[in-house]
Amino acid sequence: MPDDLHTIETQVLIVGGGSVGLALACDLGGRGVPCLVIEQNERPADHPRATAINARSMEFMRRWGIADAVRKAAAPEDFPHTALYCTSLNGFEIARIERPHHGGRQPTAMSPERAQRCNQIWLDPILSVCAQSFSTTDLRFRWRFEELHEEGDRVLAIVRDLARDERRRIAARYLVDCSGGHSPIRRALGIGMSGSPYIGYHLSVYVRAPQLWTHHDKGKAALVNFVEPKGLWRNLVTLDGRELYRFGLRGKEFYDDPDKVDVERLFEEVVGKQIPHEIISVRRWTARNVVADRYQVGAVFLAGDAAHLNHPASGLGLNTGLGDAVDLGWKLEAALAGWGGPNLLASYEIERRPVGKRNVGHADMSHANDRNQKPDPAIADDSPQGARARREMGEAIVHAQTRKFVTDGIALGYRYEPSPICWPDGSPPPPDSVSEYHPTTRPGSRAPHAWLGEGRSIIDMFGRGFTLLRFGQSAPDVQPIAQVFVRRAVPLTVTTIMDPAIAQLYERRLVLVRPDGHVAWRSDDLPADLLGLADRVRGADAAAIGTAAKAEALRIGI
Ligand SMILES: Cc1cc2nc3c(=O)[nH]c(=O)nc-3n(C[C@H](O)[C@H](O)[C@H](O)COP(=O)(O)OP(=O)(O)OC[C@H]3O[C@@H](n4cnc5c(N)ncnc54)[C@H](O)[C@@H]3O)c2cc1C
């Protein structure tokens, strides 16, 4: 390794300034943890990819103080989040799936935030401004990661400053790989990806078509899938709810030779007539449904697309990556501050990899429904046979695909089980549903939302350290717990909540919530082993790590 290079020191090096790297920088910034983000590009990406920001991700934005900015940048409040299936915009409608919990500004009973449609081309600049608002965050565009080395308890990275064409060395306590699906770090570490053998080849076309909905009778829709005798291979995703769209084409022939594709003609075909429009940019991409075999090697962690990739039809890749960032942020803070136990960081992979597998599995299954659809050859015919084919296919789509688009259970109901840093209480698990969210404080779950007062959710109390909630005046005195947390230097805030409805929602008189808003422990009484509780939740219970890892290995069959 070259030793004539000047070394830049940082606590956390984040490689990749896409949405997940920037989100992690926001989370660490809010915790006062110094970090350096390096991004090889000159600025955030300007060709659209992710648009669907689910309610849990919006809760993170709320924590980082940018939910309003994201809502403003998103599709207008009244833009319907409808998923539509039709032969063309001026052809026949086949199915329609509404998503009442998405969009708009009125919170639901499940969350203070609703899912929004804000594409990464607007989200990333918001995250970037937020990350750079912290004096502890350093964000360098046009810096490319090149080599990884370990030296004692530090990670050394060799990067190239592309503007000056100079090499630099960065020394960090931890490195988080947020460099996306082509991660050079994952490859350098020899970490494989496992999952479905599916590979889809696509072309993504960024189009401007002002007020497209005035040129057809189907109304506004967030997503349109075009059903044709040869299958489902074209779709249209609304971006700003005004004039911008992502037009998707599936097929190896498009991917292999994008310059030869007559995008104009293919777009006009799905609209069903000529309308004013402009093609802004065309990019090709591949889709896969795979999860990294490991999320951690020593002081290096994988997050976002570097750790998991899925077909975007279910809108999960970015949302899953944001969850990685939030799980890791407080653990890095705790490890650096010294109150995190020796095994706290190991819990990242144990908690997040199963979520990655669950979400990728869901995306694979629901997208398989689309790609395997074999429409009746008469599907677009104006005939009784065509009408019957459309009715039958429409019923089948609504039956099978509602799961793909209504994913409250995926967004809010994911649980860390087994987790070496949560204390299981033996209660039966709530149903593990994709579409429905069942509020619970069973350890490992996201602590449920409830309003404390005008515009203030109970989840707004979570974020910095641990929060111990007491419900009702008769809840046990928690001084003994507070004392052991002080002894272990674990930050803890104790709050008493008198509202009986919230007490009922939270199911126990005492609920301990982690800095990421997940329940670590709950009970009606003080634990018999007070220090054991503090050590478990801060990752200092070595036996628990072994047990959780074994349980996870058994569950996934390795
Ligand atoms: C067409 C499409 C639609 C999608 N729609 C959705 C959706 O609706 N909802 C959803 O949740 N997800 C969706 N996704 C997935 C989503 O875009 C990704 O999951 C998300 O971008 C992952 O973020 P990331 O930060 O992990 O990776 P990326 O956004 O890929 O960012 C990685 C960054 O690392 C940088 N980088 C790479 N190598 C280096 C290096 N050597 N040095 C420095 N920097 C480097 C890259 O330049 C890049 O900026 C979609 C994806 C596609 C392709």
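Up top is the structure.
Since we're looking at a predicted model, the values are computed, not measured.

Observations regarding the sheet that holds strand β11 (residues 193-208)
Ordered by their spatial adjacency, eight strands build an open sheet running β5-β4-β12-β13-β14-β11-β15-β18, and the pairing between neighbours is mixed. Looking along the sheet, the strands with just one partner apiece sit at the ends: β5 (93-97) and β18 (308-309). Summarising the sheet, strand β4 (residues 83-86) and β5 pair through four bridges and their orientation is antiparallel. For Leu84, the partnering residue across the bridge sits in β5 and is Arg96. Docked against the sheet, helix α9 (residues 346-371) engages β4, β11, β12 (223-228), β13 (231-238), β14 (244-250), β15 (278-292) and β18, running at close to 120 degrees with respect to β15.

As for the packing of helix α1 (residues 19-30) against helix α8 (residues 317-337)
Two elements in contact, α1 and α8, have axes whose closest approach is 9 Å; the angle formed by their N-to-C orientations is 30 degrees. In terms of orientation, α1 and α8 fall into the roughly parallel class. By crossing handedness, the relation of α1 to α8 is classed as right-handed. Taken together, the residues of α8 that come into contact with α1 (itself represented by Ser19, Val20, Ala23, Leu24, Asp27 and Leu28) are Leu318, Gly321, Leu322, Ala325, Val326, Gly329, Trp330 and Leu332. Class assignment of the residues belonging to the contact of α1 with α8 gives a composition of 10 nonpolar, three polar and one charged.

Considerations on the state of the cysteines
Tallied over the full model, the rule gives zero disulfides. Free of any disulfide, Cys35 has its nearest cysteine sulfur in Cys26, 9.1 Å distant. Exposure remark for Cys35: the relative accessible area of 2% places this residue in the buried category. Of all cysteine sulfurs in the structure, the one in Cys26 sits closest to Cys130, which takes part in no disulfide; the separation is 3.4 Å.

Thoughts on the side chain of Asp535
Structurally, Asp535 is set in helix α14 (residues 530-537). Apart from the residues lying within four places of it in its own chain, the contact partners of Asp535 are Arg488, Ala540 and Asp541.

Observations concerning the environment of Arg371
As for its placement among the helices and strands, Arg371 is situated in helix α9. Along the primary structure Arg371 and Ala503 are separated by 132 residues, whereas in three dimensions their C-alpha atoms are 46 Å apart. Not counting the four nearest positions on each side in its chain, Arg371 is found in contact with Tyr198, Arg250, Asn289 and Asp364.

What to know about helix α10 (residues 384-405)
If you check α10, its first and last C-alpha atoms are 30 Å apart, about what 22 residues at 1.5 Å a residue would give, namely 32 Å. Taken as a whole, α10 carries its principal kink of about 35 degrees at His399. Within α10, the full set of buried residues consists of Gly386, Ala389, Arg390, Met393, Gly394, Ile397, Gln401, Lys404 and Phe405. Each element contacted by the buried residues of α10 is listed here: β4, β5, β12, β13 and α9.

Section: the sheet that holds strand β22 (residues 492-497)
If you trace the four strands from one edge of the open sheet to the other, you get β22-β21-β23-β24, paired in mixed fashion. Every interior strand has two partners, whereas the edge strands, β22 and β24 (519-523), have only one. Taking the axes of each pair of neighbouring strands and ignoring which way they run, one obtains an average angle of 15 degrees across the sheet. One ladder, built from six bridges, connects strand β21 (residues 466-471) with β22; its direction is parallel. Each bridged residue has a counterpart across the sheet, and for Phe471 the counterpart in β22 is Ile497.

Focus on α1
Here α1 is 12 residues long and its end C-alpha atoms lie 16 Å apart, about the 16 Å a rise of 1.5 Å per residue gives. The buried count for α1 comes to 11 of 12 residues, which makes it a mostly enclosed element. Restricting attention to buried positions, one finds in α1 the residues Ser19, Val20, Gly21, Leu22, Ala23, Leu24, Ala25, Cys26, Asp27, Leu28 and Gly29. Phi for Gly32, located one or two positions after α1, is positive at around 75 degrees.

Some points on the side chain of Glu39
Structurally, Glu39 can be placed in strand β2 (residues 35-39). Only 2.8 Å separates the side chain of Glu39 from the backbone nitrogen of Gly17, close enough to count as a polar contact. Those residues in contact with Glu39 that lie beyond four places of it in its chain are Gly16, Gly17, Gly18, Arg140, Phe141, Arg142 and Trp143.

What to know about the nonpolar core
Counting residues in each nonpolar core, the largest one holds 70 residues, and the members touching the most others are Met61 and Trp64. Looking at which element gives the most residues to this core, the answer is α1, with seven residues. Residues Leu84, Leu89, Trp213 and Leu249 belong to the second largest nonpolar core, which totals 27 residues.

A look at the site of the ligand
Taken together, 30 residues lie near the ligand, and Glu39, Arg49, Gln120, Asp305 and Leu318 sit nearest. Contact distances for the ligand include 3.3 Å between an oxygen atom and a backbone N or O atom of Gly317. In this structure, an oxygen atom belonging to the ligand sits 3.1 Å away from a main-chain N or O atom of Asn319. Across the complex, the protein chains shield 90% of the 1000 Å² of accessible surface that the ligand would expose by itself. Going through the elements one at a time, α1, β2, β8 (143-151) and α8 are the ones with two or more residues in the shell around the ligand. Of the residues in the shell around the ligand, the class split is 12 nonpolar, 13 polar and five charged.

Reading guide: rules and limits
- Residues numbered from 1 in each chain as written.
- Predicted model: local features only at pLDDT ≥ 70, side-chain atom pairs only at ≥ 80, totals over all residues.
- Heavy atoms only, no water.
- Pairing = 2+ DSSP bridges.
- Helix = DSSP H or I, 4+ residues; strand = E, 2+ residues; numbered from the N terminus.
- Contact = heavy atoms within 4.5 Å.
- Axes fitted to C-alpha atoms, helices over the stretch in contact; angles between N-to-C directions.
- Parallel < 35°, antiparallel > 145°, perpendicular 65-115°, else oblique.
- Left-handed = near helix turned anticlockwise from the far one by under 90°.
- Nonpolar A, V, L, I, M, F, W, Y, C, P; charged D, E, K, R; others polar.
- Disulfide = S-S within 2.5 Å.
- Buried < 20%, exposed > 50% of the residue type's maximum accessible area, 1.4 Å probe, protein only.
- Expected span 1.5 Å × (residues − 1).
- Bend = angle between axes of the 7 residues up to and from the residue.
- Polar contact = N/O pair within 3.5 Å; in protein donor to acceptor, adjacent residues only side chain to side chain.
- Core = buried A, V, L, I, M, F, W, Y, C linked by side-chain atoms within 4.5 Å.
- Near = heavy atom within 4 Å.
- Areas by Shrake-Rupley, 256 points an atom, 1.4 Å probe, with all protein chains shown as cover.

Everything listed is a geometric property; what it means functionally is a separate question.
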